[in-house]
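Secondary and tertiary structure notes
Residue-level listing of the chains:
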Amino acid sequence: MGCLCNQQEISEEEKYKQLKEFIAENREKKGYLIPVLHMAQVIFGYLPDEVQAFVARGMNISTSQVKGVVTFYSYFKTSPAGRHHITVCLGTACYVRGSKKILDALEDKLGIKVGETTPDRRFSMGVQRCLGACGLAPVIMIDEDVHGRMTAKKLDKILDQYK
Amino acid sequence: MNDKSITQVLVSIDSNTVLSGARQIKTKLITELSRQGISEEVRVIETGSIGPTNQGVVLGVFPGGELYANLTEEEIAEFVQERFVKGRTYQKRLLAEKLPEEMMLQEYDSRKTQYYGRIVLDNCGRINPEDIEEYIGVGGYEALGSALQEKTPEEIINIIQASGLRGRGGAGFPTGLKWSFTFKEKKYPKYVVCNADEGEPGTFKDRLIMEGDPHKIIEAMVIAGYAVEAEQGFIYIRGEYKLSIERLQKAIQQAREMNLLGENIFGTDFNFDIQIKIGAGSYVCGEETALLNSIEGYRGEPRLKPPYPAQYGLLQQPTLINNVETLANIPAIILNGPDWFRNFGTENMPGTKVYTVLGHVNRPGLIEVPIGITLREVIYDYAGGISSGEFKMAQIGGTAGDILSAEQLDVPLDIQSLQALGHNLGSGALLIMNDSISVAELLTSCMKFFAHESCGKCSVCRIGTEYLYTACNRLRKGEGYADELENMRDIATTMKLTAFCPLGQSVAQPVFSALKYFKNELSKSIKQNKKSFSPTREKNSKVIYYS
Ligand SMILES: Cc1cc2nc3c(=O)[nH]c(=O)nc-3n(C[C@H](O)[C@H](O)[C@H](O)COP(=O)(O)O)c2cc1C
Ligand code: FES
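Here the structure is a predicted model, which means the values were calculated and not measured. (Residues numbered from 1 in each chain as written. Chains lettered and ligands numbered in written order. Predicted model: local features only at pLDDT ≥ 70, side-chain atom pairs only at ≥ 80, totals over all residues. Heavy atoms only, no water.)

**Comments concerning the site of ligand 1**
Residues and elements named next belong to chain B. With respect to spatial proximity, 18 residues lie near ligand 1, and among them Gly-169, Lys-178, Asn-195, Asn-323 and Thr-326 are the closest. The backbone of Glu-288 places a nitrogen or oxygen atom 3.0 Å from an oxygen atom of ligand 1. Asn-323 places a side-chain nitrogen or oxygen 2.6 Å from an oxygen atom of ligand 1. Look at ligand 1: alone it shows 620 Å² of surface, and the protein chains cover 90% of it. Those elements that place two or more of their residues in the shell around ligand 1 are strand S9 (319-323) and helix H19 (502-506). (Near = heavy atom within 4 Å. Polar contact = N/O pair within 3.5 Å; in protein donor to acceptor, adjacent residues only side chain to side chain. Areas by Shrake-Rupley, 256 points an atom, 1.4 Å probe, with all protein chains shown as cover. Helix = DSSP H or I, 4+ residues; strand = E, 2+ residues; numbered from the N terminus.)

**Some words on unusual backbone geometry**
Residue and element names in this part refer to chain B. Note the cis peptide between Tyr-188 and Pro-189, where omega equals -5°. Mapped onto the elements, Pro-189 comes out in the loop between helix H7 (175-184) and strand S6 (191-196). The step from Lys-305 to Pro-306 runs through a cis peptide bond, and the omega angle for that step is -10°. Although it is not a glycine, Asn-264 adopts a positive phi angle of roughly 50°.

**Describing helix H14 (residues 375-382) of chain B**
Residues and elements named next belong to chain B. By the burial criterion, the buried members of H14 are Leu-375, Val-378 and Ile-379. Buried positions in H14, seen along its axis, are confined to an arc of 90° and lie on one side of it. Next to the buried residues of H14 lie strand S10 (352-359), strand S11 (365-370), strand S12 (391-396), strand S13 (402-405) and strand S14 (429-434). Looking one or two places after H14, you find Gly-384, whose phi comes out positive at around 75°. (Buried < 20%, exposed > 50% of the residue type's maximum accessible area, 1.4 Å probe, protein only. Arc of directions from axis to C-beta. Contact = heavy atoms within 4.5 Å.)

**Quick look at the confidence of the model for chain B**
Residue and element names in this part refer to chain B. The predicted model of chain B averages 87 in pLDDT, with 92% of residues at 70 or higher. Counted against residues more than four places away or in other chains, residues 105-116, with its pLDDT under 50, gives 35 contacts. Under a pLDDT of 50 for its full length, residues 535-547 has, in the predicted model, 24 contacts with residues more than four places off or in other chains. Note on the complex model: pTM 0.81, ipTM 0.75. (pLDDT = per-residue confidence, 0-100.)

**Overview of the packing of aromatic side chains**
Taken as a whole and assessed by the stated rule, the structure comprises 18 aromatic pairs over all chains. Measuring from centroid to centroid gives 5.7 Å for Phe-79 of chain B and Phe-84 of chain B, while their planes differ by 85°, and the two rings are edge-to-face. When sorted by exposure, Phe-79 of chain B lands in the same class as Phe-84 of chain B, which is buried. Linked through ring pairs, Phe-72, Tyr-73, Tyr-75 and Phe-76 of chain A together constitute an aromatic cluster. Of note, Lys-186 of chain B hangs over the ring of Phe-183 of chain B, and the distance from its end group to the ring centre comes to 4.1 Å. Across the ring face of Tyr-355 of chain B, the terminal group of Lys-353 of chain B is positioned such that the distance to the ring centre comes to 5.8 Å. (Phe/Tyr/Trp six-rings, centres within 6.5 Å; stacked < 30°, edge-to-face > 60°. Lys NZ or Arg CZ within 6 Å of the ring centre and 35° of its normal.)

**Describing the packing of helix H5 (residues 142-150) of chain B against helix H12 (residues 324-336) of chain B**
Residues and elements named next belong to chain B. Where H5 contacts H12, the axes come no closer than 8 Å and their chain directions differ by 60°. Our classification of the angle between H5 and H12 gives oblique. Crossing hand, H5 versus H12: left-handed. Along its contact with H5, which presents Glu-142, Ala-143, Ser-146 and Ala-147, the element H12 presents Pro-331, Ile-334 and Leu-335. (Axes fitted to C-alpha atoms, helices over the stretch in contact; angles between N-to-C directions. Parallel < 35°, antiparallel > 145°, perpendicular 65-115°, else oblique. Left-handed = near helix turned anticlockwise from the far one by under 90°.)

**Observations regarding the pairing of strand S2 (residues 123-128) of chain A**
Residues and elements named next belong to chain A. Taking burial as the measure, the six residues of S2 include five buried ones, the bulk of the element. By the bridge criterion, six bridges tie strand S1 (residues 84-89) to S2 in an arrangement that is parallel. Among the inter-strand pairings, His-85 is bridged to a residue of S2, identified as Ser-124. (Pairing = 2+ DSSP bridges.)

**Concerning the interface of chain B and chain A**
For an interface, size is often stated in terms of accessible area lost upon the parts coming together. Contact with chain B, which involves 55 residues of that partner, is made by 34 residues of chain A. Between chain B and chain A, a total of about 3400 Å² is buried, with carbon and sulfur atoms accounting for 57% of that surface. Among the residues of chain B in contact with chain A, Leu-19, Ala-280 and Arg-299 of chain B are the three that bury the most area, contributing 16% of the side total. Where chain B packs against chain A, one counts one salt bridge. (Buried area = accessible area lost by both parts, 1.4 Å probe. Salt bridge = Lys/Arg side-chain N within 4 Å of Asp/Glu carboxyl O.)

**Some details on the side chain of Lys-15 of chain A**
Topologically, Lys-15 of chain A is positioned in helix H1 (residues 12-26). Among residues more than four places away in sequence, those in contact with Lys-15 of chain A are Ile-10, Ile-43 and Phe-44 of chain A.

**Considerations on a negative patch on the surface**
A cluster of acidic residues, Glu-13, Glu-14, Glu-21 and Glu-25 of chain A, forms a negative patch on the protein surface. Since its relative accessible area comes to 45%, Glu-21 of chain A is described here as partly exposed. (Patch = residues over 30% accessible without salt bridge, like charges linked within 9 Å, V, L, I, M, F, W, Y side chains within 5 Å. Lys, Arg positive; Asp, Glu negative; His and termini not counted. Charge placed at Lys NZ, Arg CZ, Asp CG, Glu CD.)

Take a look at the structure:
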């Protein structure tokens, strides 16, 4: 989820249509706001205000409720991410194994800080508190791939795999 | 499948080994074996985690129980040649430790399934988690059959109560009691929720249980549903746990096909089905009431307790919430009885506990041990000792866990002994550290986590976590105020007493224990001449001090 690489051709209109269909299928079920937002993020890549408003209208709830949920969960993004999203784990297990150094090295290499996107939109970067792969600490995740036992030295080779 | 005469190779396929290419290795193994014309004699079995988690692809070979780690794809041809054609051990990648012989798949005998003290992980690494037949082959769903056909809900609850099982999600609440509360409510529908959010940093036991043995969780949830008279179950799981979600989905599908889920299970008039709910990244959602809000599609903020979920849970209906590991104990208890379960662990907390041992140890990974063994035993007997330098401290139970020093190495890890010292067992993470990490550094990392994850509902927690973070950060840099430590204690005390939910209350744990055991070290980070404003402390204030 979250990657748009193979959806580039789809028009805005088509995206809204897909979302509308998904909402129509699920709006009667209780507690479906989060799955709908998951889907919206898959379709659009992120959740801009317009999409949030669209979801609110579609599900017949207030925009503030939608916004409240979107901003609460770290999985939902409100600004467009890079083509590849890097998540650095700063959980305790990774931290004691040196993940801060990895983060510094990444900031250095890419010239961006946490929460930012490179000008060419190739990478964006975020941090997480434990990716649940502590056995491999320190861990970074690029898109859906987890890279364990990271060292600053290995970074170049790994980043090269993501164009 | 049960032929003892053939050789078995267990390939551990879990989220850790997959990253190191376990799937490719498995394919390569199979091709190599058939190239050598011995695929009849050597059986390749895909399993969940076998044990070591930081050693690349891990293989077990039976008979003998040899354990190989860090194998690369290029080496497989040579490995097959050496090990299976010539029949010698492949020294290059052989580990010193061995897998217990009982892990070899063999004729099923229900009394013997729980070997060498493994209850929760008994099948992990032994059966193919994606095949319901294998689970049934080792006695799976037998407990469910016996529960539905031979026992009443009250009888089941009595068995669980007699077993003394306590929740493994962190709080250690007696499970049987919780079930009986939900059972007593006569308001329908009721729900069963499996808490698989596992957001506690350093904890990934639930993940490996779900990846290695998903059917056990499903079986346990159906039994729970029958016992508390619920017909719908939910598994609330972290979005990051892709492989777990995939395997659970597959398992649910298979169970439905065999009518182990759905209507009239085992030909009785009991119906039960399970739905998976995927979380969206928030630590506090692991707290049971926040989790319920999240399932309902709201912000995952905790609710005021009481009323407890047993009375007003999901959609305000009676709801039973249990952790993955807690549930994983249920089938074995039903099959073998409460007395058998009490053979393990301590009087006050029977059974085993799954720990994730991490940090500066030689063999970080997952272990299941009887409750009550000491930290020293964990580190030196199971985790291969400290990897470099000296043992300095351990944080037990995750980020909200206590920080212990070398003096506590011999305290038994069970609720009673720990509570006597004012500590908690927590979620099962054991983070072991050598002297390369300063206490202030560890605390800063923990507090940053809480400042980020505080849901913002109550101000004590919202502001308190931020304050503690900045204070710890000052200490980390050696710039602490003269009264820093007193202030930290005050803030933590206030949070413990007044925070709305257990997240805010639990922040105090690491702070208190660090102040208790590492006061000297922390005092060194103080710049004597500077004093901060003192937010809560007055000359004659009545702040209660915890130690
Ligand atoms: C901040 C916070 C986070 C929690 N996270 C989890 C979690 O990730 N997994 C879990 O099973 N329990 C978690 N709990 C504990 C649950 O609230 C609850 O006690 C548990 O799910 C009950 O199951 P048990 O009785 O089987 O242990 C958390 C509690 C708090 C306060
Ligand atoms: S702390 Fe980094 S994966 Fe758990």
